[in-house]
Amino acid sequence: MYLIDAELAPAALAAAQKAFTDPVIETSACGRLPPPRKFDWLIEIGFKPGVTDNVGRTARSALQDVLERDLPAEDGVYTAIQYFISSRTARNRTKINRLARDLLANPLIQTIAVYTPDTWRQHRPEALVPAIHDTQHISVNTYDLQGTDADLMRISREKILSCSLDEMRAIRDYFNRPGVRRARQALGLPRDPTDVEVECIAQTWSEHCSHKIFAAEIDYSDELGNKSKIKSLYRSFIKASTRKIARKRNWLVSVFTDNAGIIRFTPRRHLVYKVETHNSPSALDPYGGAMTGIVGVNRDPMGTGMGAALLCNVWGYCLGSPFHKPKMPAGLMHPRRIRDGVHQGVIEGGNQSGIPWMRGWEVFDERFTGKPLVFCGTVGTLPVKVTGRPSERKEVRAGDILVVTGGRIGKDGIHGATFSSEELREESPVQAVQIGDPITQRKMYEFLLEARDLGLFRCITDNGAGGLSCSAGEMGRLSGGVELDLARAPLKYHGLQPWEILLSEAQERMTLAVAPGKLKALRALARRRDVEATALGKFTDSGEFVIKYGKQTVGRLDMKFLYDGCPTMHLRASWRPPRLPAPAHPRQHDHGQMLRDLLSSLDVCSREYKSRQYDGEVKGLSVVKPFVGVHCDIPADATVMRVAYDEQAGIVLAEGVNPFLSDIDTYAMTASVIDEAVRRAISAGADPEHLAGLDNFCWPDPVQSDKTPDGEYKLAQLVRACRALYDVTTAYGVPCISGKDSCKNDSTRGGRKISIPPTLLFSVIAKINDVRRAVTMDAKQPGDLVYLLGLTRPELGASALHRLLAARMGRPQHIGGQPPILETTPALRLYRALHRAIDLNLVHSSHTPTRGGMAVALALKALGGDLGLEIDLQDMPTDGDPDPTARLFAECNSRFIVTAPPEHAAELESVFRGLPWARIGRTTTRRRLLVRQQGQVLLDSPL
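Residues numbered from 1 in each chain as written. Predicted model: local features only at pLDDT ≥ 70, side-chain atom pairs only at ≥ 80, totals over all residues. Heavy atoms only, no water.

## Digging into the environment of phenylalanine 912
Consideration 1: Tracing the backbone through its elements, the reader meets phenylalanine 912 in the loop between helix 29 (905-911) and strand 38 (917-924).
Consideration 2: For phenylalanine 912, a relative accessible area of 3% gives the class buried.
Consideration 3: Once the C-alpha coordinates of phenylalanine 912 and alanine 644 are considered, the two residues, 268 residues apart in sequence, prove to be 34 Å apart.
Consideration 4: If we ignore the near neighbours within four places in the chain, the residues touching phenylalanine 912 are Leu789, Leu830, Ala833, Leu834, Ala837 and Trp917. (Helix = DSSP H or I, 4+ residues; strand = E, 2+ residues; numbered from the N terminus. Buried < 20%, exposed > 50% of the residue type's maximum accessible area, 1.4 Å probe, protein only. Contact = heavy atoms within 4.5 Å.)

Here it is as structure tokens:
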């Protein structure tokens with residue numbers, strides 16, 4: 001239903017009806033459509049006030065086109081859906097209500113009405129028009145921070161500030177400073193801090209924005225009694241690694257200082273890459289939260305340097321099983337619904353933006369039922385110079401105008417930063433949920449690229465977490481101050497209070513610094529491109545963040561305190577290796593059945609059905625697609641795409657993620673996922689000397705408390721992960737150029753605490769000098785030789801096989817054993833040799849075994865090529881004498897399965913001289929996977 005809240009003449013209404021109706025497949029009516037002749041229930045669903053209605057917004061634009069005039073601001077078009085249900089069994093209203101609430105609607109953002117045939121006749125559809133409380137009454141409240149510690153924490157909890165006691169005391173003490181009191185009094189501010197000021201500090205200091213855990217001082221001890229003090233995990237391990245590598249990598253342009261990392265690609269252009277998470281909002285509203293994740297991360301490259309053009313997107317999700325059977329805790333959605341909503345939101349957000357999808361993956365574990373992990377990433381390109389100056393350089397001068405462009409401000413997204421900085425609980429704010437509008441963002445994006453090339457702004461940043469409170473403040477640091485007038489802000493509706501305007505994370509907005517002489521031209525371009533651009537204030541060098549509402553000053557903060565005043569956390573970390581038993585292997589080893597069971601398990605099986613809904617072909621730049629093989633149905637190790645139509649150089653994208661290994665050791669987990677990402681890229685043809693990484697840490701709460709009695713152990717897991725990241729990235733020469741951490745991934749809804757396993761997503765972006773040399777994983781022709789590169793060890797700890805066996809036993813913690821180890825020096829030698837072999841065009845295919853080990857890797861290679869494989873594992877390079885089960889299913893690092901034509905055998909084998917390799921078989925026309933060892937058939941299965 002289209003609910004038109006406007007005065008329209010009958011002719012105009014008829015024209016609108018025609019515009020909204022496809023005459024081939026639809027019927028329509030002005031008023032009610034005739035209902036079905038017989039129905040038992042009518043469920044009617046509309047959006048709540050303030051929730052973004054994208055179809056309604058587009059319909060309003062269409063109506064204006066039909067009328068050939070603009071509608072007044074108070075006129076609107078809204079959408080709703082009616083479901084007529086005929087059912088012999090669901091006569092019970094309780095069942096119908098559950099159907100509506102748990103399947104058809106999300107009560108957080110939608111209204112639900114249920115009618116019978118009799119009550120429907122008295123129903124008036126106009127009741128669905130979401131009426132916003134329209135008021136011009138503006139109030140600024142104050143917070144009394146002079147009470148007890150308990151009072152301070154009550155304020156933090158009730159106002160969703162997510163501040164600790166030390167932080168609340170620091171805020172109180174700041175406002176008690178004599179100099180601060182005098183400065184506030186001169187501006188007419190009250191003695192007690194205003195809600196605008198306290199909320200602004202809370203957003204800026206939130207874990208989501210300031211990454212306090214990664215900046216903390218940590219006292220670490222291990223099981224041997226060794227102790228150490230760490231001053232900031234970020235500076236000690238992540239930043240230190242990149243600084244060390246930067247001495248040998250001359251292609252780093254801007255890292256850890258902007259919205260995304262920038263690396264040099266060609267003499268004409270740079271590459272920009274960022275991966276973000278949007279976990280907490282996706283738990284409340286999977287569709288809206290996930291859509292916000294993708295359109296939000298699109299804005300990171302848009303706000304990097306002078307603004308990047310968007311090249312491609314990536315996605316990845318950690319979810320509960322869609323076949324979850326136990327009853328869900330109150331307040332949590334079933335994982336099936338989470339999965340469907342997350343996919344739909346990200347698909348629509350990216351597809352409607354006209355940006356191709358190049359990577360995607362899913363991981364399933366019951367521990368993600370409390371809070372899913374939703375990763376979205378975007379690659380962009382940036383000219384080396386923009387209007388004659390380096391494109392990565394940002395500059396703001398005192399006197400520049402602060403301009404906000406794009407979408408309007410609403411209640412959606414308020415407290416998003418602080419809400420994401422704590423566990424998901426019953427009191428989690430409904431208004432944190434947002435729904436993105438990719439169409440509005442696309443118009444803004446194209447306007448901004450045009451304005452960039454015309455030199456109409458001096459600096460740009462994303463208006464994301466914390467809204468204006470963060471974007472205006474961060475840009476103000478470049479000039480030394482900022483003055484903001486919230487009364488000028490473009491609103492979706494009246495009634496927002498000043499602190500809400502300042503904090504709102506409503507989507508599709510960017511903040512610009514514009515020289516006064518360029519403001520007129522910028523506004524004129526915005527009008528021509530149907531984009532709003534509003535001047536809200538100016539940048540200064542006062543050292544202050546001054547916030548006004550018209551003539552009234554509603555907030556004033558010292559920039560130094562706002563950005564450097566947050567107390568450093570002091571934490572303890574204690575490592576004790578867990579003792580997890582390994583599952584017993586079946587006495588009768590039917591390896592063929594093991595393989596088939598693994599191929600049908602959630603973490604190995606095909607995700608093609610969902611993945612195909614992501615548009616990977618728009619722009620026409622893809623070379624190696626997300627799915628490869630004869631039937632294009634096997635996931636590629638990595639994807640390859642051109643960056644421009646007139647260049648053969650391209651990028652390689654890959655990733656590694658394996659939260660299951662964290663149950664045994666997060667050091668091994670981190671080393672493995674970095675190695676997996678690197679070798680995936682190398683397998684596709686990437687240059688190992690031009691490869692950059694992104695680290696996305698998602699952790700359960702690692703701060704010891706009554707709610708988290710094992711916080712010291714979880715923090716020790718984080719310390720070990722960061723140490724592994726430093727060790728492996730420096731050994732491989734792979735600098736981290738960007739990243740993100742999310743350290744509060746717990747849920748206490750329904751009275752039950754659910755914590756995710758420690759998870760690191762390591763993404764890589766690499767250069768391939770000639771995309772025509774790219775290699776895919778599928779076998780290419782019968783008669784090719786099959787080679788195994790790298791050592792196989794009896795490393796089955798937390799493997800897909802152990803998880804499968806443990807699940808059968810009903811003992812999910814029986815996943816112990818030896819995790820994969822990583823020897824970086826021989827691994828790097830092997831990677832360089834494989835790259836040389838690919839560069840010499842000696843190999844037909846290359847694939848790196850991951851989950852499921854050799855058996856799954858061989859199966860995928862055979863299925864991809866639609867060819868048989870005859871394999872003998874007797875001569876495979878080994879260490880530790882693995883038995884046949886380990887040879888087939890161990891998930892060892894640093895291995896490849898390569899096929900090559902016999903005529904290249906001598907040259908290929910000379911490239912790998914001195915490295916662990918073996919010729920283990922050949923491809924055949926018999927569509928079977930046959931694996932032997934010492935004459936014994938280990939498995940023999942038809943494709």
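Past the structure itself, the notes keep going.
## Focus on the sheet that holds strand 28 (residues 650-656)
Consideration 1: Spatially, the six strands line up as an open sheet ordered 24-27-28-33-29-30, and their pairing is mixed. The open sheet has two free edges, formed respectively by strand 24 (622-624) and strand 30 (736-742), since each of these has just one partner strand. Each strand axis lies, on average, 20 degrees off the axis of its neighbour in the sheet, ignoring direction.
Consideration 2: Sheet topology note: the strand 28/strand 33 (residues 759-768) ladder contains seven bridges and is antiparallel. Its bridge partner lying in strand 33, glutamate 655 is registered against serine 763.
Consideration 3: Packed on one face of the sheet, helix 23 (residues 666-684) meets strand 27 (639-642), strand 28, strand 29 (691-698) and strand 33 and runs near 150 degrees to strand 28. (Pairing = 2+ DSSP bridges. Axes fitted to C-alpha atoms, helices over the stretch in contact; angles between N-to-C directions.)

## Describing empty space enclosed by the protein
Consideration 1: Scanning the model with the defined rule gives eight cavities of 30 Å³ or more in all.
Consideration 2: Its volume calculated, the largest cavity comes out at about 160 Å³.
Consideration 3: Grouping the amino acids of the lining of the largest cavity by side-chain chemistry returns seven nonpolar, six polar and five charged.
Consideration 4: In this structure, the second largest cavity encloses a volume near 90 Å³.
Consideration 5: At the level of elements, strand 9 (269-277), strand 10 (309-319), strand 13 (373-383), strand 28 and strand 33 are the ones that each hand at least two residues to the lining of the second largest cavity.
Consideration 6: For the lining of the second largest cavity, the class distribution of residues is 10 nonpolar, four polar and two charged. (1 Å grid on protein atoms, 1.4 Å probe; cavity = no way out; pocket = protein on both sides within 12 Å on 5 of 7 lines; lining within 4 Å. Points joined across faces, edges and corners; volume = space filled by probe spheres on them. Nonpolar A, V, L, I, M, F, W, Y, C, P; charged D, E, K, R; others polar.)

## Describing the pairing of strand 30
Consideration 1: Within strand 30, six of the seven residues are buried, which leaves it mostly tucked inside the rest of the structure.
Consideration 2: Two elements, strand 29 and strand 30, share six bridges in a ladder whose sense is parallel. Following the sheet pairing, phenylalanine 697 is matched in strand 30 by aspartate 741.
Consideration 3: In this fold, strand 29 hands off to helix 24 (residues 711-732), which returns the chain to strand 30; that crossover is right-handed. (Right-handed = clockwise from strand over helix to strand, strands pointing away.)

## Observations regarding the packing of helix 5 (residues 149-158) against helix 6 (residues 165-176)
Consideration 1: Where helix 5 contacts helix 6, the axes come no closer than 9 Å and their chain directions differ by 100 degrees. Compared by their axis directions, helix 5 and helix 6 come out roughly perpendicular. Across the interface between the two elements, Asp149, Leu152, Met153, Ile155 and Ser156 of helix 5 pack against Leu165, Met168, Arg169 and Arg172 of helix 6.
Consideration 2: Of the residues that constitute the contact of helix 5 with helix 6, the class distribution is five nonpolar, one polar and three charged. (Parallel < 35°, antiparallel > 145°, perpendicular 65-115°, else oblique.)

## Examining the packing of helix 11 (residues 233-246) against helix 24
Consideration 1: Here helix 11 crosses helix 24 at 5 degrees, and the two axes come no closer than 9 Å. As judged from the angle between their axes, helix 11 and helix 24 are roughly parallel. In this structure, helix 11 uses Leu233, Ser236, Phe237, Ile238, Ala240, Ser241, Lys244 and Ile245 to contact helix 24, whose residues at the interface are Leu718, Val719, Cys722, Arg723, Leu725, Tyr726, Thr729 and Thr730.
Consideration 2: Among the residues making up the contact of helix 11 with helix 24, the classes are represented as 10 nonpolar, four polar and two charged.

## Details of the sheet that holds strand 36 (residues 868-872)
Consideration 1: Strand order in this open sheet of seven strands is 35-37-34-38-36-39-40, and the pairing throughout is mixed. The sheet is open, and its two edges are formed by strand 35 (845-847) and strand 40 (936-942), each paired on a single side. For this sheet, the mean angle separating the axes of adjacent strands, direction not counted, is 20 degrees.
Consideration 2: Against the sheet, helix 21 (residues 591-599) makes contact with strand 39 (928-933) and strand 40, and its axis sits at roughly 45 degrees relative to strand 40, the strand it touches most.

## Concerning unusual backbone geometry
Consideration 1: The backbone phi angle of serine 162 is positive, close to 55 degrees, even though this residue is not glycine.
Consideration 2: With respect to the helices and strands, the residue serine 162 is situated in the loop between helix 5 and helix 6.
Consideration 3: One non-glycine residue, aspartate 530, lies in positive phi territory at about 60 degrees.
Consideration 4: Along the chain, the position of aspartate 530 falls in the loop between helix 19 (519-528) and strand 20 (533-539).
Consideration 5: Since its relative accessible area comes to 54%, aspartate 530 is described here as exposed.

## Some details on helix 14 (residues 335-351)
Along an α-helix, residues three or four apart share an orientation, since each turn contains 3.6 residues.
Consideration 1: Between the first and last C-alpha of helix 14 there are 24 Å, a value that for 17 residues agrees with the 24 Å anticipated at 1.5 Å per step.
Consideration 2: Of all the residues in helix 14, the buried ones are Pro335, Ile338, Arg339, Gly341, Val342, His343, Gly345, Val346, Ile347, Gly349 and Gly350. (Expected span 1.5 Å × (residues − 1).)

## Some remarks on the side chain of glutamate 795
Consideration 1: If you trace the backbone, glutamate 795 turns up in the loop between strand 34 (785-789) and helix 25 (800-809).
Consideration 2: For glutamate 795, which is buried and forms no salt bridge, the nearest opposite charge comes from arginine 793, at a distance of 4.1 Å.
Consideration 3: Within polar-contact distance, the side chain of glutamate 795 engages the backbone nitrogen of isoleucine 821 at 3.1 Å.
Consideration 4: Contacts of glutamate 795, omitting those with residues within four sequence positions, involve Gln818, Pro819, Pro820, Ile821, Ala890, Glu891 and Cys892. (Lys, Arg positive; Asp, Glu negative; His and termini not counted. Salt bridge = Lys/Arg side-chain N within 4 Å of Asp/Glu carboxyl O. Polar contact = N/O pair within 3.5 Å; in protein donor to acceptor, adjacent residues only side chain to side chain.)

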